[in-house]
Amino acid sequence: MTEAGSSPAGAALALQVDDLDVAYGHVEAVRGVSLEVGEGKIVALIGPNGAGKSTILAALCGLKKPDRGTVRLYGKEITGWPSHRLVAEGLSLVPEGRAILGRMTVRENLVLAGERKWEPKALAAAIDEQVRDFPILGERIGQLAGALSGGQQQMLAFARALLARPRVLLLDEPSMGLSPILVSQVFETIRQIHERGTTILLVEQNARLSLSVADDAYVLERGALVLEGKAAELADDPRIRAAYLGG
Ligand SMILES: Nc1ncnc2c1ncn2[C@@H]1O[C@H](COP(=O)(O)OP(=O)(O)OP(=O)(O)O)[C@@H](O)[C@H]1O
Ligand SMILES: [Mg+2]
């Protein structure tokens, strides 16, 4: 394990973030954050409310312009690119709160996510692929998304982001608001998405579970990284145990 700032030796890097600053007006939400996500890894970013986790994801996926720093996707600099270009380049976000359209059907949610990118035939094939991977969405395809359980809505949020077949998926609090059983199901799904070949940057307040699925992890407090290392080592670190794992 290393203090934040040093760089772990790694193979191919999917994401490389260097010295990122992000502000909302005068509020410096993220300061000097550098992190790496290796190809094929699950990397967890944990930290308390308001630490800046969602702000980092927003800056990575084109929803918020960073004030300083660089972001590279497979070596190519993508800093400040708009979201649609990043999706085409292989980077997708599953946002905090899921952003499901509850008064539309499951199919309509998927169609809306993809119809500007694909011809109808290609879109239908992409939706079929997601229904194969998430059979429950197939069973509910004509039902209103708002009638799905929280766990099923999270599946829909995953499927919507996966339609574009991203190489790298950013997940913002996928377990938020779910009962313990559904939380385990969501983490099982994250494992499956990863096994199908997607690299994942996982933002979570559930430190225990996210460290259990992740290869590497970063701890963010008040906009800055305070600790980073192998997830298994962080899970054993007394500072992490005291602050995030209930002692
Ligand atoms: N749109 C915004 N305008 C102004 N300040 C914001 C905005 N969004 C976030 N902030 C501030 O930036 C800081 C980081 O917020 P952010 O949402 O990134 O934290 P977070 O780690 O994702 O927290 P949570 O665990 O609650 O989701 C906080 O102080 C927050 O109040
Ligand atoms: Mg957040």
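Quick note: structure is the one above.
A. Examining the site of ligand 1 more closely. Contacts to ligand 1 come from 13 residues, most closely from Asn-49, Gly-50, Lys-53, Ser-54 and Thr-55. One of the side-chain nitrogen or oxygen atoms of Asn-49 is found 2.8 Å away from an oxygen atom of ligand 1. In this structure, Gly-52 approaches ligand 1 through a main-chain N or O atom, which is 2.9 Å from an oxygen atom. For ligand 1, whose accessible area on its own is 630 Å², the fraction buried by protein is 60%.

B. Local environment of the packing of aromatic side chains. Enumeration according to the criterion identifies zero aromatic pairs in this entry. Note that Arg-167 overlies the ring of Tyr-74, its terminal NZ or CZ placed 3.5 Å from the centroid. One Lys or Arg, Arg-196, reaches over the ring of Phe-134 and ends 5.6 Å from the middle of that ring.

C. Expanded view of the coordination of the magnesium ion (ligand 2). Bound to the magnesium ion (ligand 2) on the protein side are Ser-54 (OG) and Glu-96 (OE), at distances that span 2.0 to 2.3 Å. Here Ser-54, found in helix α1 (residues 53-60), pairs with Glu-96, found in the loop between β7 (91-94) and α3 (106-114); they are 42 residues apart in sequence, far enough to count as distant. Looking at Ser-54, the relative accessible area reads 28%, which means it is partly exposed.

Calculation criteria
Counting from 1, residues in each chain are numbered in the order their sequence is written. Throughout, the order in which chains and ligands are written sets their labels, letters from A for the former and numbers from 1 for the latter. Only residues with pLDDT of at least 70 are given local features in this predicted model, and only at 80 or more are side-chain atom pairs given and counted; all residues enter the totals for whole chains, interfaces and linings. Neither water nor hydrogens contribute to the side-chain values; these are computed over all heavy atoms in the structure. To be near a molecule or strand, a residue needs just one of its heavy atoms within 4 Å of it. Whenever two N or O atoms come within 3.5 Å, that pair is a polar contact, provided that in protein one can donate a hydrogen and the other can accept it, and provided that, for residues adjacent in sequence, both atoms are side-chain atoms. Using a 1.4 Å probe, accessible areas were evaluated by the Shrake-Rupley method; residue-level cover was limited to the displayed protein chains. Ring pairs are drawn from Phe, Tyr and Trp, using the six-membered ring of Trp, whenever the two centres fall within 6.5 Å, and their geometry is named by plane angle: stacked under 30 degrees, edge-to-face over 60, tilted for the rest. Comment: the charge-over-ring label is applied if NZ (Lys) or CZ (Arg) is within 6 Å of the ring centre and within 35 degrees of the ring normal. Each metal's donors are the N, O and S atoms found within 2.8 Å of it, except that Na, K and Ca use a 3.2 Å limit; water is left out, so coordination can look incomplete. To qualify as a helix, a DSSP run of H or I must reach at least 4 residues; to qualify as a strand, a run of E must reach at least 2; elements of each kind are numbered from the N terminus. Only protein chains enter the calculation, and the probe is 1.4 Å; a residue is then buried if its accessible area is under 20% of its type maximum, exposed if over 50%, and partly exposed in between.

No statement about biological role is implied by the geometric values presented.
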